[in-house]
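Structural characterization, general
Here is what each chain is made of, one letter per residue.
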Amino acid sequence: MRGSPAEEYLTKKRGLSPDSIQSFRLGYVADSMPGHEKYAGRIAIPYLSPDLKTLQLRFRRLGDEDGPKYLTVPGDIPRPFNTRVLDLPLDTMAVCEGELDAITATQAGIPAIGIPGVSAWRDEWALALEQYDTLYVLADNDDKGQGAKLGETIALRCPNARIILMDSGHDVNSYVNEFGPEALRKKVGISE
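Residues numbered from 1 in each chain as written. Predicted model: local features only at pLDDT ≥ 70, side-chain atom pairs only at ≥ 80, totals over all residues. Heavy atoms only, no water.

With respect to the overall build of the protein chain
Scanning the protein chain from terminus to terminus reveals 7 helices and 8 strands. Taking 2.2 N^0.38 as the reference for a compact globule, 192 residues should give roughly 16 Å; the C-alpha atoms of the protein chain span a radius of gyration of 16 Å, in line with that estimate. Projecting the C-alpha coordinates of the protein chain onto the three principal axes gives extents of approximately 45 × 35 × 30 Å. Scored against the burial criterion, the 192 residues of the protein chain give a buried share of 45%. For the protein chain, contacts bridging at least 24 residues in sequence account for 57% of all contacts bridging at least 6. (Helix = DSSP H or I, 4+ residues; strand = E, 2+ residues; numbered from the N terminus. Rg over C-alpha atoms; globule rule 2.2 N^0.38 Å. Buried < 20%, exposed > 50% of the residue type's maximum accessible area, 1.4 Å probe, protein only. Contact = heavy atoms within 4.5 Å.)

This is the structure in structure tokens:
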């Protein structure tokens, strides 16, 4: 990661700290293995177990180049990102659409898991989220309108859910980058 185009993208364009990049073990595919050439030049996002074993990898393109935004290894099943946070003794948890939004929320002081896209939600995941007094669904408010849909889907399964819709045109990452982490905490109703 160090010195790669991904490091510059994540720190300068996405506002992630070097500590977050290291904590979440984000990587960069400079050279791919045979058969994995399509992952070259992408950010490697590991889905880690509580003991920091890699359960699966997703690969995100840098910026707005052509091709799919995310790729996964064939056969991988959808799962929440950052599930290691579920083992912490917390009263509240946040759910975001996407890994970078979950990292951004966590970096802002709001522990979060990420759902890898609206269509990836599985109802059985609600079982892991019912333990919290309050579940904040930090919903994207971009031009696709899918964030509110994800929030409503989760709220149907989790009676402890509160949907926090980002300002128009924003997801969690862009909101924090424009207004700062304190603005996100204030929007959620969490003060330090």
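Comments concerning the nonpolar core
Across soluble globular proteins, nonpolar side chains have a tendency to be buried as a group. Within the largest apolar cluster, 30 residues are counted, with the highest numbers of intra-cluster contacts made by Leu10, Leu26, Ala105, Leu138, Val172 and Leu184. Elements represented by at least two residues in this core include exactly α1 (5-13), β2 (43-48), β5 (92-97), α3 (99-107), β7 (134-139), α6 (172-179) and α7 (181-188). Here the element with the most residues in this core is α3; it accounts for 4 residues. Aside from chain neighbours lying at most four places away, what touches leucine 138 is Ala94, Val95, Cys96, Glu97, Ala105, Ile164, Met166, Val172 and Val188. Val95, Ile115, Val118 and Trp125 belong to the second largest nonpolar core, which has 19 residues in total. (Core = buried A, V, L, I, M, F, W, Y, C linked by side-chain atoms within 4.5 Å.)

With respect to the side chain of serine 4
Residue position: serine 4 is located in the segment before α1. Residue serine 4 is classed as buried on the basis of its relative accessible area of 12%. Within the structure, serine 4 has its side chain in polar contact with the backbone oxygen of methionine 1 (distance 2.7 Å). (Polar contact = N/O pair within 3.5 Å; in protein donor to acceptor, adjacent residues only side chain to side chain.)

Regarding the sheet that holds strand β3 (residues 54-60)
With respect to topology, 4 strands assemble into an open sheet ordered β1-β2-β3-β4, the strand pairing being antiparallel. Of all the strands in the sheet, the pair left with one neighbour each is β1 (27-28) and β4 (70-72). In terms of strand pairing, β2 meets β3 through 6 bridges, oriented antiparallel. Across the sheet, the residue bridging to isoleucine 45 is arginine 58, located in β3. This element, α1, spans β1, β2 and β3 of the sheet and lies at about 70 degrees to β2. (Pairing = 2+ DSSP bridges. Axes fitted to C-alpha atoms, helices over the stretch in contact; angles between N-to-C directions.)

With respect to α3
Across the 9 residues of α3, 7 count as buried, placing the element largely inside the fold. Residues of α3 that are buried: Glu99, Leu100, Asp101, Ala102, Ile103, Thr104 and Ala105. Directly beyond the C-terminal end of α3, a positive phi value near 95 degrees is found at glycine 109.

Things to note about the environment of cysteine 96
Within the element layout of this structure, cysteine 96 appears in strand β5. Not counting residues up to four positions away in its chain, the partners in contact with cysteine 96 are Asp101, Ala102, Ala105, Ala112, Ile113, Gly114, Ile115, Leu138 and Val172.

Comments concerning the packing of α3 against α6
One can describe the packing of α3 onto α6 by two numbers: an axis separation of 8 Å at closest approach and a directional angle of 40 degrees. When the interaxial angle is binned, α3 and α6 end up oblique. Contacts between α3 and α6 pair Leu100, Asp101, Thr104 and Ala105 from the former with Val172, Asn173 and Val176 from the latter. Of the residues belonging to the contact of α3 with α6, the class tally is 4 nonpolar, 2 polar and 1 charged. (Parallel < 35°, antiparallel > 145°, perpendicular 65-115°, else oblique. Nonpolar A, V, L, I, M, F, W, Y, C, P; charged D, E, K, R; others polar.)

Comments concerning the pairing of β7
Counting buried residues in β7 gives 6 out of 6 residues, a clear majority hidden from the surface. Burial along β7 is two-sided: Thr134, Tyr136 and Leu138 facing one way and Leu135, Val137 and Ala139 facing the other are all buried. In terms of strand pairing, β7 meets strand β8 (residues 161-165) through 5 bridges, oriented parallel. When the sheet's bridge partners are listed, leucine 138 is paired in β8 with isoleucine 164.

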